[in-house]
Amino acid sequence: MGMSVTISAAAEQDAEQIFKLQYLCFQSEAALYGNYRIDPLVQTLDSVRQEVAGDCVFVARLGDEVVGSVRGRVTEDGAASIGKLCVHPRLQGHGIGARLLRAAEAALAEERGATKFRLHTGHRSEGNLRLYRRVGYEAVGTSQGADGVPMIILEKPAGTYAKTA
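What comes next is a walk through the structure. Worth saying up front: this structure is predicted, and the values here are computed from it rather than measured.

### Concerning the sheet that holds strand β2 (residues 56-62)
Stage number 1. Taken together, seven strands build an open sheet; the order of strands is β1-β2-β3-β4-β5-β7-β6 and the sheet is mixed. If you trace the sheet from one side to the other, it starts and ends with β1 (5-9) and β6 (138-144), each paired once. Each neighbouring strand pair of the sheet contributes to a mean axis angle of 25°, computed without reference to strand direction.
Stage number 2. Here helix α4 (residues 45-54) sits on the sheet in contact with β2, β3 (65-74) and β4 (79-87), set at roughly 105° to β2.
Stage number 3. Here helix α6 (residues 126-134) sits on the sheet in contact with β4, β5 (116-122) and β7 (150-157), set at roughly 160° to β5.

### Some thoughts on unusual backbone geometry
Stage number 1. Of note in this structure, K84 is not a glycine but carries a positive phi near 55°.
Stage number 2. You can see K84 is positioned in strand β4.

### Things to note about the packing of helix α1 (residues 15-25) against α4
Stage number 1. The geometry of α1 relative to α4 is characterised by a closest axis approach of 9 Å and an angle of 120° between their N-to-C directions. Judged by the inter-axis angle, α1 sits oblique to α4. The element α1 and its partner α4 pack so that their crossing is right-handed. The segment α1 lies against α4, with A15, E16, I18 and F19 engaging L45, V48, R49 and V52.
Stage number 2. Of the residues contributing to the contact of α1 with α4, the split by class is six nonpolar, no polar and two charged.

### Description of the pattern of salt bridges
Stage number 1. Scanning the model with the defined rule gives 11 salt bridges in all.
Stage number 2. Between E51 and K84 there is a salt bridge, with the nearest N and O atoms lying 3.8 Å from each other. Taken together, the positions of E51 in helix α4 and K84 in strand β4 put the pair 33 residues apart, joining distant regions of the chain.
Stage number 3. Judged by its relative accessible area of 17%, K84 falls in the buried class.
Stage number 4. We note a salt bridge from E105 to K156, for which the minimum N-O separation is 3.4 Å. Here K156 lies in strand β7 and E105 lies in helix α5 (residues 96-110), a separation of 51 residues in the sequence.

### Notes on the environment of K116
Stage number 1. Mapped onto the fold, K116 is located in strand β5.
Stage number 2. For K116, a relative accessible area of 28% translates into the label partly exposed.
Stage number 3. Filtering out sequence-adjacent residues up to four positions away, K116 remains in contact with G78, A79, A80, E155, K156, P157 and A158.
Stage number 4. Separated by 3.5 Å, the side chains of K116 and E155 make a polar contact.

### Some remarks on the pairing of β6
Stage number 1. Bridge count for β6 against β7 is six bridges, and the pairing is antiparallel. Bridge assignment links A139 to a residue of β7, and that residue is L154.
Stage number 2. Linking β6 to β7, which pair antiparallel, is a turn of five residues; within it G148 sits at a positive phi near 95°.

Cut-offs and rules
- Residues numbered from 1 in each chain as written.
- Predicted model: local features only at pLDDT ≥ 70, side-chain atom pairs only at ≥ 80, totals over all residues.
- Heavy atoms only, no water.
- Pairing = 2+ DSSP bridges.
- Helix = DSSP H or I, 4+ residues; strand = E, 2+ residues; numbered from the N terminus.
- Axes fitted to C-alpha atoms, helices over the stretch in contact; angles between N-to-C directions.
- Contact = heavy atoms within 4.5 Å.
- Parallel < 35°, antiparallel > 145°, perpendicular 65-115°, else oblique.
- Left-handed = near helix turned anticlockwise from the far one by under 90°.
- Nonpolar A, V, L, I, M, F, W, Y, C, P; charged D, E, K, R; others polar.
- Salt bridge = Lys/Arg side-chain N within 4 Å of Asp/Glu carboxyl O.
- Buried < 20%, exposed > 50% of the residue type's maximum accessible area, 1.4 Å probe, protein only.
- Polar contact = N/O pair within 3.5 Å; in protein donor to acceptor, adjacent residues only side chain to side chain.

Encoded structure:
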């Protein structure tokens, strides 16, 4: 019998696995844009540790291995900024990303008072855009990432959580 993927809040000791997973997962995004200086690839381990300590961070686990993660925090306008959603390439397409989003959205709304959810993704990231639209996000604007990548900003009201696959 195989193991199930579980979703839980990240612990301090998960930071290094999250850091390594993020580096692996965002290689395909970097290749899509021909830019290997995108934020998830240049973020430091110390910065990931700070996010795990202070933000709303969830992980997907397969046994002891972290195979997915997502982070969020409530901003000054009451919106929850959700980012760096990633799932190990060998496990993509099985609903883990939607489950991670649902966990983050629920915690951000129920525990931290978020009134809406906001995230962004690169304009060429069709797989990401499909997932976000499928779980209720709508494009509300565009921006330029600090790394130069054109981004699409998506939002949805709090209370409309992602459906699990």
